[in-house]
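Remarks on the overall topology
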Amino acid sequence: MKGAALLAILSHWRRHPLQLATLIAGLALAAGLWSAVQAINAEARASYARAAEQLGTAGLARLIPETGSIPIARYAELRRSGWRLAPVLEGVVSFDRQSFDIMGVDLLQHPQAPALAEAAEAESSTPLEALRPPGRIFAHSETAALLSEAQQTHPVTRLAALPRGIAMADLSLASQLLRRPDSLSYLLVLPEQTPGLAPLAELAPELTHLPARAAASDTGRLTDSFHLNLTAFGLLSFAVGLFIVQGTIALSLEQRRGMIRTLRSLGVPMRLLSGLFIAELAAIALAAGIAGLAGGYLVAAALLPGVNATLAGLYGASVDGSLSLRPGWVFSGLAMTLGGAFLAGAQSLFALWRLPILAAPATLARGQQASRSHMFSAFCGAASIAAGLIVLYFFQGLVAGFAFLGALMLGAALLLPLLISAGLSVGARMAKGALAEWLWADTRAQLPGMSLALMALLLALAANIGVGTMVSSFRLTFTGWLDQRLFAEVYVTATSDAQGAELAHWLEAQGITVLSRRYHDTRFKGAPLRVYGFEDDEAYRSNWPLLDASPDVWDQTASGKALLINEQLARRHKLAPGSILEIKPGWRLPVAGVYSDYGNPNGQAMVSLPALQKHVPSLPNRNFGLRADPQEITGLIKLIRQEFDFPRENITDQATVKTRSLAVFDRTFVITAALNLLTLGVAGFALLTSLLTLWSQRLPQLAPVWAMGVTRRQLAAAEVLRSLILAAGTAVLALPLGLVLAWVLLSVINVAAFGWKLPMYLFPLDWLRLFMLALLAAVIAAALPAWRLSRIDPADLLKVFANER
Amino acid sequence: MNANIILVASSLIWATAVQPQGYAGLGTDAEGFAIPKPDTRLTFPADHGLHSDFRIEWWYLTANLEGADGADYGIQWTLFRSALAPGEAAGWQSPQIWMAHAAVTTKDKHLFAERIARGGVGQAGVQTHPFSAWIDNWQMRSADETLEEISLSASGMEFSYDLNLMADGPLVLQGNAGYSVKSASGQASHYYSQPHYMVSGTLSLPDGPIDVTGHGWLDREWSSQPLAEDQSGWDWFSLSFDSGEKLMGFVLRGARGDFTSGTWISADGTAEPLAPGAFQAQPLNISDVQGREMPTHWHASVPDKGVSVEILALNPQSWMGTSFSYWEGPVAVIGSHSGKGYLEMTGYE
Amino acid sequence: MVLTIRNVTKRFPGQTAKTAVLRGVSLNLEGGRSLALTGESGSGKSTLLHLAGALDQFDSGEIEIDGTCLSGLSDSQRSALRRRDVSLVFQQFNLIPSLNISKNIALHARLGGGWDEGWVDRLADRLGLSGLLQRYPEQLSGGQQQRVAIARALAVRPKLLLADEPTGNLDETASAAVMELMLELVRESGTALFLVTHSEAIAGMLDQRLHLRHGMAA
Ligand SMILES: Nc1ncnc2c1ncn2[C@@H]1O[C@H](COP(=O)(O)OP(=O)(O)O)[C@@H](O)[C@H]1O
Ligand SMILES: [Mg+2]
């Protein structure tokens, strides 16, 4: 009996292959985008973890200085108290105009030492040579190649186990390169400690103890927000995919009601039937899940470079390696697909379970029943939005921001049917002509079957508007900010401090204003802080993008009595003009102003150059900004090149710097644009499948109209129009939703994720483009059903009138 | 964990045999390290401190102790210095590398620990005013610049100790007024000892703390080339007899014949270098120590002094499984003289 | 003659000349008169009705509606004919669920451009629908829905009214009432009524009768 019943159930798909294809495609899409995002996240996380592991510091806690750095005398004291600690000094070094992240370690203490020693021995050097001049740099072979090219002074040892981009060296070399002979960035707490030592908190109250898990991936923490972002996108796509599937599952069961009744009257128990349907759905979901995973893998592989660009652009974090299948996202993807399929099919399966043997064919919910369900859905939507607002009001931060966004999007989606329905009745009232009236009324009648697809479209459009507005606002702000920040006409980087001094001297002799840009890297409350020393110049006073300032900000700062900090530092540590900041132990200055500093994940401060020089001797002096008449720029550059022998890249004019910065910016948001387009595509597909799903239910409504003399072509046109009306209505409603979304992204999410708040700009042309895109999607979605309708055999329409229906 | 690095660091301390010969006359070797000279006269307190012109140096203290429970214990506290280049520099540029070993030995347990450090940053070092030698929280400290009265501490994962040592006799210059020849071809070191310490203090062992008293022996030695090319290791004895006399003797095992030397210290502290070959030691019994065959039972003799004794390891498994590994442990002496002492055996691979 | 059917044959795909559903059927029907088409289930009654309504195409013979031959007409011409001159009433009523009764009644007439408000009001009145105009089809009983379908069909003032078992879904009383009303209105408006039924009683109420057997008039 089981076999026979199963065959009967499955025979449905032979007659409805398109339906099966839709079902599988919908589920596969949902699974695909979700697992693509998960794959990307897993890859990035694994990459961060690998980096920590490769540095040998994976399971180790850290001691991080609250201010600046740790003096080595302090390190010695802590060692002498018995704690086994390994010192680390981090910084950036330029060789031949290329920057490298240097990680200085005590080769005698660092956990990674055995691997380094082995690598050195493999190159027939003794590990101890790395402790003596000229030292030795250890790096991943890619980085090593760059290093060997950029400098020849220090031999470079290739070590595949090190993360890309990091140059590891003994502290004897690193402290010299970084010009930090007496200070350390942080201390690793080594695994084996003798018992009975005084607690670190007591011995070193000025150092923050970062537990192993938190310390393990600095990058991981920094980029969490980005990954949360991706996950939100993935979830959105997944939900949209389920919208597609829900209708199809419902229809496939609906169409088999007759068969179910027959089978039941033939004595097949309901329990068995339900089991068979569940098994069928599970099998389809599994097949779709596997297809989706394959697709997801491809999508992820295609997106990964974009993700890398984004991460590099926003956080300076690098994700290396190619994509690999990880059980984590593979199984979660399959589980999500199965769960999603049952979630989408739950209502239909439940209805099936309760189907009486002799039920009349189902009719679509329409009229009052439909409007009652619209009201209920709208009520839930309003409640959801209210809940989101409450969360946003009472909680701060990234998760609250995303929770609000989720609630807002869900709420708006639930409100949609009521709003569209109201819009359609207005349309119907204003319609002239019988056909138009019928069209509006019929569109409204179709709403229940379309509303899930429309919700998907609404979400996709709103996400597009929101994210698009965010990115465009960011770009506009960023461009304006670049104009302010990059006020010097020419930027020059000398190859050495000596050359720098010579250059500055020569330029001044030429009567050119030289603004040297010198900085000192330190740490503030455990996070990197770069302190710039600037020379007082009118240009700063008139250009620098201050967001908040005390009255005589420039006089105070220029005289060394105060400092300026960037917005991220201000927000992260709740600093404002008037707050006191300790740059180095014993050097405390009040904040006089806060300036915007987009695209920089780290804290930054500006003090007057003489003050910085006083506290930090031997600052590197290689970067200069030159003021020049715009017409003279080319000549000036040529002159400098003639006079000084340095590489072409070391002199850039303002325009080039701006172009490059914007290029980096644009690369940063490649992934966002790609995901946006994908979501919109999925929504378009949802529209198509719901129209196809409605197709067979549409004929009984179309046949009488056709019999009254409306041609099939007119009906087809009406079909497209209907889709257009719905898409247009949805797009109109998506606009305010998208703008709210943009506002939350700019004012809540960005602040929490990056530490800067951005003004919001409106881009009506983008909206128009998106509106057209939505209409295009609607036309494409309606094209197939319309085409089928225009060429339908009258006999198929006449079947509607057959009495024995 | 840092096995490789430390191994190489240790190899610098122990196996400088590869250094070319023949620079002795110039006073420095090829890399600029000073060479021990027979006419050097040791001066104190300066020579308690470090000699950074020499490649290697150590502060080596062992003690035979008796617990309040009547059981025998031995402790070791050693600070090695090894230089990558002569001289000292500030901070991470310092060429000095420090390594320390500490151990506690009982009849059936041998607990040990190791520490390693850079010079220049203060994690390890030796200073003379007042005297202090340290690495991390292990230290040997005096209240003044002499070594008359010192405190000693070290700790490992399973043990720690805190001891006070009081000298009961004068410093002893080994070899020829502190110039100790190590091979027939002339390798030598500067070497003096304080073998007369009265020790009291506390050991902390896995079973709990225990008060101890006993006798300690400090060796100070520095050089740039202690072993000859053909020498593979040594067996070194420091013995304190119940009569109050003391014997330091060593055998440097070489492919071209063993080189033995020693010092006889009479009860009043007068030192008398033994003629080459006057000290003899033969293994009596071999133990399996961590897969190696090692003599943990010896016969030693100094016919001139009427010494003919058997030397028995308190714990034959006194293996220092540190990055450079060797055997070091307390021994009991019976025979013509009875007493206690320490035995060190290196180069058994 | 409003409807002339001459020797019409119709084959569905897979049917041979011998098994064709219609094999040479002819009939004539004048305005104001009614014809009952009877026959066994599957004898081709609905098929013939669809042909007469220009809803489907036949293989040979000719059908004329008010002098217009159907055989040469394009799809849009046939649609135009249906909009203006032909109305249909089916067993399933086939009302538009999304439109209210008043709009349902008006739909066909307005599509055909023959919208006459006074006539529609009268029709609604006669069919007892005046109080139901603002309701929706799902809120009406079967008899009421069929009366709406009849009103919608007659509102066009068609030359030809085609009805396929219009009372098939109604009980006997409702069915008789609906039939009486329909015949009365048809006669008044001079419309020709071509009605498929399997009920002898209803067939008896009509002016003419044609019985189909094996695709031919019996
Ligand atoms: N579209 C079609 N294709 C093939 N056969 C058809 C089609 N429509 C009707 N038939 C067949 O034509 C015959 C006549 O049908 P129909 O006119 O509906 O009969 P009636 O209305 O008299 O019951 C039946 O045997 C039916 O199966
Ligand atoms: Mg029929």
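Relevant structure appears above.
Reference entry: report on the structure contained in this document.

What counts, and where the lines are drawn
- Residues numbered from 1 in each chain as written.
- Chains lettered and ligands numbered in written order.
- Predicted model: local features only at pLDDT ≥ 70, side-chain atom pairs only at ≥ 80, totals over all residues.
- Heavy atoms only, no water.
- Near = heavy atom within 4 Å.
- Polar contact = N/O pair within 3.5 Å; in protein donor to acceptor, adjacent residues only side chain to side chain.
- Areas by Shrake-Rupley, 256 points an atom, 1.4 Å probe, with all protein chains shown as cover.
- Helix = DSSP H or I, 4+ residues; strand = E, 2+ residues; numbered from the N terminus.
- Nonpolar A, V, L, I, M, F, W, Y, C, P; charged D, E, K, R; others polar.
- Core = buried A, V, L, I, M, F, W, Y, C linked by side-chain atoms within 4.5 Å.
- Buried < 20%, exposed > 50% of the residue type's maximum accessible area, 1.4 Å probe, protein only.
- Contact = heavy atoms within 4.5 Å.
- Pairing = 2+ DSSP bridges.
- Buried area = accessible area lost by both parts, 1.4 Å probe.
- Salt bridge = Lys/Arg side-chain N within 4 Å of Asp/Glu carboxyl O.

1. A few points about the site of ligand 1
The environment of ligand 1 is formed by A795(A), F12(C), V21(C), E40(C), S41(C), G42(C), S43(C), G44(C), K45(C), S46(C) and T47(C). Residues close to ligand 1 are split across chains A and C. Here K45(C) contributes a backbone N or O atom positioned 2.9 Å from an oxygen atom of ligand 1. Taken by itself ligand 1 offers 560 Å² of open surface, and the protein chains cover 61% of this. Broken down by element, the residue count for the shell around ligand 1 peaks at 3 residues, all from helix α1 (residues 45-52) of chain C. Looking at side-chain class alone, the shell around ligand 1 contains 3 nonpolar, 6 polar and 2 charged residues.

2. Re the nonpolar core
Nonpolar side chains in soluble globular proteins tend to be buried together. Counting residues in each nonpolar core, the largest one holds 133 residues, and the members touching the most others are W438(A), L3(C), L27(C), L48(C), L160(C) and F194(C). The greatest single-element share of this core, amounting to 25 residues, is contributed by helix α15 (residues 434-485) of chain A. The contact partners of L3(C), leaving out residues within four places of it in the chain, are L27(C), N28(C), L29(C), A52(C), I63(C), E64(C), I65(C), L160(C) and F194(C). Counting 43 residues, the second largest nonpolar core, distinct from the first, contains A34(B), F54(B), A102(B) and L203(B).

3. Some words on the pairing of strand β3 (residues 34-39) of chain C
Residues and elements named next belong to chain C. Within β3, 6 of the 6 residues are buried, which leaves it mostly tucked inside the rest of the structure. Covered by surrounding structure in β3 are S34, A36 and T38 together with L35, L37 and G39, the residues of both alternating faces. Looking at chain direction, β3 and strand β8 (residues 192-196) are connected through 4 bridges and run parallel. Within β8, the position partnered with A36 by the bridge is L195.

4. Let's talk about the interface of chain C and chain A
Listed per partner, the contact involves 27 residues of chain C and 29 residues of chain A. Taken over both partners, the interface formed by chain C and chain A buries close to 2500 Å², and the fraction arising from carbon and sulfur atoms is 58%. Two residues, E437(A) and R110(C), come together in a salt bridge whose shortest N-O distance is 3.0 Å. For the pair chain C and chain A, the number of links is 6 residue pairs in polar contact (both at pLDDT 80 or more). Among the secondary structure elements, those contributing two or more residues to the side of chain C that touches chain A are α2 (75-84), β6 (86-90) and α3 (101-112) of chain C. Taken together, the residues of the side of chain C that touches chain A break down into 8 nonpolar, 9 polar and 10 charged.

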